[in-house]
Amino acid sequence: MILKNKKLEIHLDLPTENYQLSRFDWTGKLTAVKYQDRLVSGQELASSTANTHSGQGFYNEFGITSPLGFEEAKLGSWFHKIGVGLLRKEDDRYDFNKTYEIQPAEFTVTRAKDSIRLQCRSASINGYAYLLDKKIQLLETGFRIDYRLENTGEKTIATNEYNHNFLAFDQASIGSDYVLKFPFSIRPERFGETVNPEQRVAIGPQELIFNGTPQQPFFFSNLTGGATVAAHWELLNTKQRIGITETGSFKTKAVNVWGVGHVISPELFVELLVAAGQTKTWSRTYRVYEI
């Protein structure tokens, strides 16, 4: 499915198309974005199987470290992965990279001229149940994702959500032409985890820059050092003179960055605490522009 205007083109897979594994939200499969026919998104793996076996574009995920109800579920029973369905618990520790057995949730799709609405209704397991309602709206030079999570169960939903944002401009390798900026001070000594084996990523006061193309994956967690900050980042390519930003409607205290030679992924986490019978709403707005 494609949403398109004069400047922007958004490609989406419906919940039961292509990628159907247990990690990423099936209602969030924005596979590619083009700005004036220039690709601004990338993919997790540099292989032809990426569309069915890994993340790409602007895939999002709920509960990366502990999905809803995982701790209470007994071995061999089921727990929720929001936006996917029920997963069978096989170990005492959850692994987001593992492929779990899935009982898919119930999905509904409604298409409009400049938007698409996707709903995911879960079964009720161990007192947990929900309705996820998502609208992806095409804007003049960007797009917005509106989320509505309704707790239809008996227990409080406590989880988080982020968008992985697999980015690259015209498939150009990550390197000295790229700058990733944040609206807060970056202090490496306060990071939760630092993986920078080749030292190709240099950390500035409020930005990440590159002194070469990484051949191995890099990763930084908790860039805010635990402080609550505005949910925002800006990625620029100074050679191609193009940029993209994401702005959340929420404050965040969890910002991660993952990447490798062909792609970079800034991640803004939103914490979700939704009591029984209550609803939580939030949004992510993206803008693409020429420098």
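Everything below is about the structure shown above.
Here the residue numbering is sequential within each chain, running from 1 through the sequence in written order. In keeping with the model being predicted, local features are shown solely for residues with a pLDDT of at least 70 and side-chain atom pairs are shown and tallied solely at 80 or more, while totals for entire chains, interfaces and linings include all residues. Water and hydrogen atoms were dropped before computing side-chain values, which therefore reflect all heavy atoms in the structure.

Caption draft 1: Region of interest: the pattern of salt bridges. We count a salt bridge whenever a side-chain nitrogen from Lys or Arg sits within 4 Å of a carboxyl oxygen from Asp or Glu. Under the definition given, this model contains 14 salt bridges. Where Lys98 meets Glu90, a salt bridge forms, and the shortest distance between an N and an O atom there is 2.9 Å. Under the relative-accessibility criterion, Lys98 is labelled partly exposed at 24%. Across the salt bridge formed by Arg148 and Glu150, the nearest N and O atoms sit 3.4 Å from each other. Think of it in three bands: with a 1.4 Å probe and only protein chains considered, a residue is buried below 20% of the maximum accessible area for its type, exposed above 50%, and partly exposed in between. When its relative accessible area of 23% is taken as the criterion, Glu150 is described as partly exposed. A cluster of three or more residues bridged by salt bridges with shared partners is formed by Arg23, Glu61 and Lys81.

Caption draft 2: Just the pairing of strand S11 (residues 130-138), in detail. Counting buried residues in S11 gives 8 out of 9 residues, a clear majority hidden from the surface. In this scheme, strands are said to pair when DSSP sees at least two bridges between them. We count a stretch as a helix when DSSP gives it H or I for four or more residues in a row; a strand needs E for two or more, and each element gets its number in order from the N terminus. In terms of strand pairing, S11 meets strand S12 (residues 142-151) through 9 bridges, oriented antiparallel. Counterpart to Leu138 in the pairing with S12 is Phe143. As consecutive antiparallel partners, S11 and S12 are separated by 3 residues.

Caption draft 3: Representation of the environment of Val288 in the model. Within the element layout of this structure, Val288 appears in strand S24 (residues 279-290). With a relative accessible area of 0%, Val288 lands in the buried category. Sequence-wise, Val288 and Asp170 are 118 residues apart; in three dimensions their C-alpha atoms are separated by 13 Å. Residue contacts follow a heavy-atom distance rule, with two residues in contact if any of their heavy atoms lie within 4.5 Å. When near neighbours in sequence (up to four residues on either side) are disregarded, Val288 contacts Leu8, Tyr35, Val40, Thr141, Ile242, Gly243 and Ile244.

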